[in-house]
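Analysis of the macromolecular model
Take a look at the letters that make up each chain.
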Amino acid sequence: MRSAKRLLQQCRPLGTQLEEVVGLGGVRTMITDLKAAMAAKIPKEQERLRELRKECGPKALGACTVEQAIGGMRGIPAMLWETSLLDPEEGIRFRGHTIPELEEKLPSAKEGGEPIPEGLLWLLMTGEMPTVDQAKAMPTVDQAKAVTELLRERSKVPDHVFKVLRDLHPNTHPMTQLCQAVLALQVDSKFAADYRAGIHKSKYWEPVFEDSINLIAKLPTIAAAIYRNTYKGGELIEADPKLDWAANLSHMMGYDDEGCLEMMRLYQTIHADHEGGNVSAHATHLVGSALSDPYLSFTAGMTGLAGPLHGLANQEVLRWLNEVRAEVGDNVTKEQMKEFVWATLKSGKVVPGFGHAVLRKTDPRYTCQAGFAARNMPDYPLYKLVALLYDVVPDILIQTGKVKNPWPNVDAHSGVLLQYYGITEENFYTVLFGVSRALGVLSQG
Ligand SMILES: CC(=O)SCCNC(=O)CCNC(=O)[C@H](O)C(C)(C)COP(=O)(O)OP(=O)(O)OC[C@H]1O[C@@H](n2cnc3c(N)ncnc32)[C@H](O)[C@@H]1OP(=O)(O)O
Ligand SMILES: O=C([O-])CC(=O)C(=O)O
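Residues numbered from 1 in each chain as written. Chains lettered and ligands numbered in written order. Predicted model: local features only at pLDDT ≥ 70, side-chain atom pairs only at ≥ 80, totals over all residues.

1. A closer look at the domain arrangement of the protein chain
Considered domain by domain, the protein chain is made up of domain 1 (152–309 + 425–444) and domain 2 (313–419). The C-alpha centroid of domain 2 is placed 28 Å from the C-alpha centroid of domain 1. For the side of domain 1 that touches domain 2, the secondary-structure elements that each account for two or more residues are helix H12 (258–270) and helix H20 (429–444). Counting residues per element, the side of domain 1 that touches domain 2 draws most heavily on H12, at five residues. In the side of domain 1 that touches domain 2, the residues fall into eight nonpolar, four polar and one charged. (Domains from an automatic or database assignment. Helix = DSSP H or I, 4+ residues; strand = E, 2+ residues; numbered from the N terminus. Nonpolar A, V, L, I, M, F, W, Y, C, P; charged D, E, K, R; others polar.)

2. Describing the site of ligand 2
Surrounding ligand 2, one finds His274, Asn278, Ser280, Ala357, Val358, Asn409 and Val410. Per-class residue counts for the shell around ligand 2 are three nonpolar, four polar and no charged. Residues lining the shell around ligand 2 come from more than one domain, with at least three contributed by each of domain 1 (152–309 + 425–444) and domain 2 (313–419). (Near = placed C-beta within 6 Å.)

3. Looking at the UniProt feature "active site" (unreviewed entry) in the protein chain
In the numbering adopted here, UniProt assigns the feature "active site" (unreviewed entry) to His310, His356 and Asp411. These annotated residues cover 102 residues of sequence, and their C-alpha atoms lie no more than 10.7 Å from one another, placing them together at a single site. Counting through the fold element by element, His310 comes out in the loop between helix H14 (294–305) and helix H15 (313–328). Overall, the presence of 19 C-beta atoms within 10 Å leaves His310 in the partly exposed class. Sequence-distant contacts of His310, defined by excluding residues within four places in its chain, comprise Asn278, Val279, Ser280, Gly304 and Leu305. (UniProt positions renumbered as here; feature names shortened; annotations may be inferred. Buried ≥ 20, exposed ≤ 12 C-beta atoms within 10 Å, placed from the backbone. Contact = placed C-beta atoms within 7 Å.)

Spelled out as structure tokens, the structure:
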């Protein structure tokens, strides 16, 4: 199943822009409070959806074939997904912006640095690029910085959640731990409480927003606790109040290298959203449609992300690369690599990190990470090994005659960046993916 957004664009009334607010004395101010920004938009968005239904309700979006029904509804434009749009040739656009555009336009923590996910969250939720405080004429703080503060205020994780994590079987996979921790937080769901109290349906968005922000704010601490419990003897590290959301995740895991902080900001930005038809987004949305609260819905998405054909592929890529290195050493030749790829296919396995349900070109998130690696770790052997795969794998997958997209996806490259900065425990990688994915699937709401 895929987003119906492109087909619906023809029916879209004029887009609503986030308005500047004229305050007391006629001084123009810009909304920096994310909830206020949402409150200014939501009634119009609700109206737009009603209009869309009224005007375009009976229009057909496309045909549905038997193959699509058998193939898990791939390619059927059957879901409205506002936050991102996936083009098979071009890749993902977040609210209309490509990955290179985001790298250029989103605010960063330091001059010319990587984008911060707080800016992306503002963009995903409001549909507007966050302002930065460069035009000093505006009596405002940076909108992305305001999101950093909002998340910091809500970041405290209740003790009972740490207890749940500590009591799990020591072999529990980090993704299973993530799901358990999020479910443990559900006791504090504002949406569940307000629903019980009889909230009017036009107001649902408010407690959903509160739950979503509370959850996003707590995820770095939860992820870091899973990491430290599983691999570092359980000694937790406090958040640093000077750091932003993604940098704090790296810091609480125990990685303070400036390069690693920048890598984590980029990683958390680009993994956030991939339209609505992928398993994690679809599962979150599906469960949410039963009015299950954001904690329950997000957990459904995470159980899907934990599958090896979806988010767990980043773990599988590293395992697979380590098998190559164990068998032939670090200086793998092109011929040895080809043999290894064929052996993988002949044993009935997939080549992890290659192929895609929608994309028909190299994933721009792969290209973005390869660019980061070229800038920051040009001589790193694992980076070179992944670059060699790019030369070898697509040709072989084409020769199988059945793979629709032989090019690498996001998961082919993310492990290289993490390994370089010392985060070597590949079983943990999908948790980092999941923390980022919360930004997209919870913004879609
Ligand atoms: C964040 C993400 O989720 S990105 C995806 C991460 N997953 C991976 O990297 C795992 C490897 N890739 C794959 O398994 C697939 O390409 C998927 C799951 C991503 C997409 O699956 P599909 O939409 O079914 O792909 P496609 O239509 O090309 O599949 C046709 C055939 O090619 C096979 N194929 C597709 N990709 C690969 C691959 N990388 N290696 C081997 N075979 C493959 C499929 O298994 C299928 O075989 P079958 O007819 O014997 O069942
Ligand atoms: O879109 C998909 O099917 C899978 C994917 O790349 C993602 O969810 O990031």
